[in-house]
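Geometric and topological summary
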Amino acid sequence: MRYEEQTLEHRLTRRFQKALVDYRLIDDGDKILVGLSGGKDSLCLLELLAKRSRIQRPSFSVEAIHVRMENIEYATDTSYLESFCNKLGVSLHVVTTRFDDTKPTKKPKCFLCSWHRRKEMFRLAQELGFNKIALGHHNDDIIHTALMNLTFQGQFSTMPAKLEMKKMPLTIIRPLCLIEEKDIKRWAELQQYEKQLKLCPYETVSHRADIKRIYGEMEAINPEARFSIWNALESENKLIEKATE
């Protein structure tokens, strides 16, 4: 293994482990279902969780789900996902769903697609007895969401590292929450992750794409912007927790 690869693997593992500990994401006896889209983030998440599950404590199991949306014109190579999971010793569940994209609605296509994918994950998780769902949102995703909520919703909030669902016995966890996207991207290149066959046709027309561009400009102005925003989010979360005690 090359020095760059060793250094990057150490950084990914260290930040991954820190997230598990700081946010108490995994408990002994957990049964975790990983949302595997086929993109670099979910592949990296599954790899890190599968490797961590081989350590004795905490003892937990990992499986993956890939949801295919039959009426959205992009697809992943399911055979590659199966091969990837087999190498890690992880079972893969492949399910197909759809939504009516011809019906007039104010909701963007990205929202509808994501919502129906989540619905299938929640259904399968409860059906097979999983108690946690792991999603591949990284540090950049969480910051982008905070900026989107601030800009369009008038509130300073984001996707939490850990969210206990109120209407179902499931907990959402985001173990990549402390890992930067650039590190995942480089790891994917070094490990030669296979890219999906086609990009989502709605990917570049969403507000998230705009916010990602704006955030890049913010970092160009202040390279410490990431840490300032993250610290502000952490402070806000502590105030909320204190108020609810």
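Everything below is about the structure shown above.
The rules we used
Residues numbered from 1 in each chain as written. Predicted model: local features only at pLDDT ≥ 70, side-chain atom pairs only at ≥ 80, totals over all residues. Heavy atoms only, no water. Pairing = 2+ DSSP bridges. Helix = DSSP H or I, 4+ residues; strand = E, 2+ residues; numbered from the N terminus. Axes fitted to C-alpha atoms, helices over the stretch in contact; angles between N-to-C directions. 1 Å grid on protein atoms, 1.4 Å probe; cavity = no way out; pocket = protein on both sides within 12 Å on 5 of 7 lines; lining within 4 Å. Points joined across faces, edges and corners; volume = space filled by probe spheres on them. Nonpolar A, V, L, I, M, F, W, Y, C, P; charged D, E, K, R; others polar. Core = buried A, V, L, I, M, F, W, Y, C linked by side-chain atoms within 4.5 Å. Buried < 20%, exposed > 50% of the residue type's maximum accessible area, 1.4 Å probe, protein only. Contact = heavy atoms within 4.5 Å. Phe/Tyr/Trp six-rings, centres within 6.5 Å; stacked < 30°, edge-to-face > 60°. Parallel < 35°, antiparallel > 145°, perpendicular 65-115°, else oblique.

Okay, the sheet that holds strand β4 (residues 132-134) next. Note: strands within a sheet are paired through backbone hydrogen bonds, in either parallel or antiparallel orientation. Strands sit in the order β3-β2-β1-β4-β6-β5 across an open sheet of 6 strands; the sheet is mixed. Looking at strand neighbours, the two that pair on one side only are β3 (91-97) and β5 (162-164), the edges of this open sheet. Taking the axes of each pair of neighbouring strands and ignoring which way they run, one obtains an average angle of 25° across the sheet. Relative to β4, strand β1 (residues 31-35) runs parallel, the two sharing 3 bridges.

For the coordinates displayed, the defined rule picks out 1 cavity of 30 Å³ or more. Size it by volume and the largest cavity reaches roughly 50 Å³. Residue lining of the largest cavity: Gly38, Thr76, Asp77, Tyr80, Leu81, Glu194, Lys195 and Gln196, and that is the complete set. Here the residues of the lining of the largest cavity are counted per class, giving 2 nonpolar, 3 polar and 3 charged.

Right, let's get into the nonpolar core. Membership of the largest hydrophobic core comes to 50 residues, with the highest contact counts inside it found for Leu46 and Leu49. For this core, the element with the most residues is helix α2 (residues 40-52), which contributes 7 residues. Beyond its immediate sequence surroundings of up to four residues, Leu46 is in contact with Val34, Leu36, Val62, Ala64, Phe84, Cys85, Leu88 and Val90. Core analysis: the second largest hydrophobic core is formed by 13 residues, Phe122, Leu135, Leu170 and Ile172 among them.

To continue, consider the packing of aromatic side chains. Each aromatic ring pair is described using two quantities: the centre-to-centre distance and the angle formed by the ring planes. Within this structure, the stated rule accounts for 2 aromatic pairs. Between Tyr80 and Phe84, the ring centres sit 6.1 Å apart and the planes meet at 45°, which makes this aromatic pair tilted. Placement of both Tyr80 and Phe84 in helix α3 (residues 78-88) is noted, with a separation of 4 residues, approximately one turn of the helix. By relative accessible area, Tyr80 is classed as buried at 16%. Pairing Phe84 with Tyr193 gives two aromatic rings, centres 5.5 Å apart and planes at 85°, and the pair type is edge-to-face. You can see Phe84 sitting in helix α3 and its partner Tyr193 sitting in the loop between α6 (181-190) and α7 (207-221), a full 109 residues away along the chain. As far as the burial class goes, Phe84 and Tyr193 line up, both buried. Put simply, the rings of Tyr80, Phe84 and Tyr193 pair up and form one aromatic cluster.

For the pair helix α5 (residues 139-153) and α7, interaxial distance at closest approach is 9 Å and the crossing angle is 105°. It follows that α5 is roughly perpendicular to α7 by the angle criterion. Contact residues: α5 offers Asp140, Asp141, Ile143, His144, Thr145, Leu147, Met148, Thr151 and Phe152, while α7 offers His207, Arg208, Ile211, Lys212, Tyr215 and Met218. Taken together, the residues of the contact of α5 with α7 sort by class into 7 nonpolar, 4 polar and 4 charged.

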